[in-house]
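# Geometric and topological summary
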Amino acid sequence: MPNTLITRVLVALGGAAVAFFIILGVMAVLPRAVQDTVPPGVLGGAVVVLGVAAARRFTRRPR
């Protein structure tokens, strides 16, 4: 598959979506008291960090 801009964008979006669902799953299994104490910004920040990490992993050029 050619390493074009659209491919990179789609991989980044896919990585962000996967990270979002992983974080939601982790939040769902936490006790209710812990869920209430975690600020909403932490969820968004974790999704962004995991999405960027996944996108960087899949878009690296071979050496």
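On a predicted model such as this, the values are computed, not experimentally measured, just so you know. (Residues numbered from 1 in each chain as written. Predicted model: local features only at pLDDT ≥ 70, side-chain atom pairs only at ≥ 80, totals over all residues. Heavy atoms only, no water.)

## Remarks on a nonpolar patch on the surface
Which entries qualify depends on this criterion: Only residues whose relative accessible area exceeds 30% and that form no salt bridge are eligible for patches; like-charged ones are grouped when within 9 Å, while nonpolar side chains (Val, Leu, Ile, Met, Phe, Trp, Tyr) are grouped when within 5 Å. Surface accessibility follows the Shrake-Rupley procedure with a 1.4 Å probe radius. Residue values consider only the protein chains on display as shielding. A side-chain nitrogen of Lys or Arg and a carboxyl oxygen of Asp or Glu constitute a salt bridge if their distance falls within 4 Å. Only DSSP runs of H or I covering at least 4 residues are called helices, and only runs of E covering at least 2 are called strands; the numbering of each starts at the N terminus. For the exposure calls, accessible area comes from a 1.4 Å probe over protein chains only, and a residue counts as buried if that area is under 20% of its type's maximum, exposed if over 50%, partly exposed in between.
Taken together, the side chains of Leu5, Ile6, Val9, Leu10 and Leu13 define a hydrophobic patch exposed on the protein surface, amounting to about 520 Å² of accessible area. Here Leu13 shows up in helix α1 (residues 5–29). Look at Leu13 and you get exposed, because its relative accessible area is 54%.

## Some points on the pattern of salt bridges
Here the idea is simple: oppositely charged side chains can pair when their charged atoms come close. Considering all chains together, one arrives at 1 salt bridge under this definition. A salt bridge links Asp36 to Arg32, with the shortest nitrogen-to-oxygen separation between them at 3.8 Å. Linking Asp36 with Arg32, this pair stays in helix α2 (residues 32–37), spanning 4 residues, or about one helical turn. What makes Asp36 exposed here is its relative accessible area of 54%.

## A short note on α1
How we decide: Each residue after the first adds 1.5 Å to the expected span of a helix.
The end-to-end C-alpha distance of α1 is 37 Å, a good match for the 36 Å that 25 residues give at a rise of 1.5 Å each. For α1, the set of buried residues is Thr7, Gly15, Ala19 and Ile23.

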